[in-house]
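Observations on chain architecture
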Amino acid sequence: MIGSPHPQHMVTRFAPSPTGRLHIGHGWSALLAMDMARGAGGELRLRIEDIDGTRSRPEHVEGIIEDLRWLGIEWRGEIVFQSRRLSLYDAALETLKGQGLAYPCFCTRAEIAAEIAASGSAPHGGDGPVYPGTCRALDAARRAERIARGDAHCWRLDMERAVAAAGPLVWLDMEGHGVAADPLRAGDVVLARKDAPTSYHLAATVDDAAMGITHVLRGEDLRAATDIHRLLQALLDLPTPLYRHHPLLVDASGRRLAKRTQGLALAELRNAGMDPARLREDLRAMRFPVGIHVAKA
Ligand code: GLU
């Protein structure tokens, strides 16, 4: 199913992961989404992507909500917390297992790195090196034996089979242009992690559908993820929103802000006495702090 390019009521979302406080790049992204929704008479929803048991922290959840409120970001409805929706993601995983498209992977990070080094090539799927497929080759008896033994495992999508099952796929950008999805590049992505019963890709795809999201506006770094989400939508028979990927903010040496937020966190600007109305004006006019600019496509 492809969404109409002109849905009647726009529903978009801002979906931060609470692994730290928000910086001005996040603030800009949230503001773009809010302004887009307002301009269309639609609504912005807020979703906290707190499935990462080791890196998500309750104090960051509170901090993020405080940062957004301070900046004047207004969302509609209840905040959606992914950590409270695990049974939904589990049902989607079971569907994919039932289609024979998911398999357990017992590899450690070190084993994956060693396998890639030994093969001499390291194709990149956008999210890091592509999984070399080691556990795809295990037979059913061996899989069952290792699971019964309690060996730690994640679940991966058998990408080649999934792509073959779904056939050629296109997603639409907000200008109505079709973009051919190429999820094969990403390899056998994780559907449920060793330390969490789901993954970003699965949870975000399920939630965008469950929340009735019609328009997804997010950073350019997630363009490759859109190809994967389009595939999961096809396999799970979910509707497809329209997408727009905004450029990322980088520092003077071209590095993404994610790693270097010193002085650029919304909380720091607030503590330094910045007026949020002024910051909104600056961000809307793309007047960023000295040295910070939009990355070239
Ligand atoms: N939680 C993701 C992030 O903070 C964004 C997910 C999305 O917009 O799809 O990078």
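Residues numbered from 1 in each chain as written. Predicted model: local features only at pLDDT ≥ 70, side-chain atom pairs only at ≥ 80, totals over all residues. Heavy atoms only, no water.

Where an unreviewed UniProt entry is consulted, the protein chain appears under the name Glutamyl-Q tRNA(Asp) synthetase, with the organism given as Sphingobium jiangsuense. UniProt's Sequence similarities (unreviewed entry) comment on the protein chain is quoted here verbatim: "Belongs to the class-I aminoacyl-tRNA synthetase family." (UniProt positions renumbered as here; feature names shortened; annotations may be inferred.)

This paragraph deals with the packing of helix H6 (residues 159-166) against helix H8 (residues 223-236). Two packed helices can be described by the angle between their axes and the distance between those axes. Their axes nearest at 10 Å, the elements H6 and H8 cross at an angle of 60°. Classified by chirality, the crossing of H8 by H6 is left-handed. Of the residues in H8, those touching H6 at Met-159, Ala-162, Val-163, Ala-165 and Ala-166 are Leu-231, Ala-234 and Leu-235. Per-class residue counts for the contact of H6 with H8 are 8 nonpolar, no polar and no charged. (Axes fitted to C-alpha atoms, helices over the stretch in contact; angles between N-to-C directions. Helix = DSSP H or I, 4+ residues; strand = E, 2+ residues; numbered from the N terminus. Left-handed = near helix turned anticlockwise from the far one by under 90°. Contact = heavy atoms within 4.5 Å. Nonpolar A, V, L, I, M, F, W, Y, C, P; charged D, E, K, R; others polar.)

On to the sheet that holds strand E8 (residues 190-192), then. Here we have 3 strands laid out as an open sheet, ordered E4-E5-E8, and antiparallel in their pairing. Both outer strands of the open sheet, strand E4 (102-105) and E8, are each paired with one neighbouring strand and no more. Adjacent strand axes in the sheet meet at a mean angle of 45° when their direction is disregarded. With 2 bridges joining them, strand E5 (residues 154-157) and E8 adopt antiparallel strand pairing. Within E8, the residue paired with Arg-156 across the bridge is Val-190. Against the sheet, helix H3 (residues 86-98) touches E4, E5 and E8, its axis set at about 125° to E8. (Pairing = 2+ DSSP bridges.)

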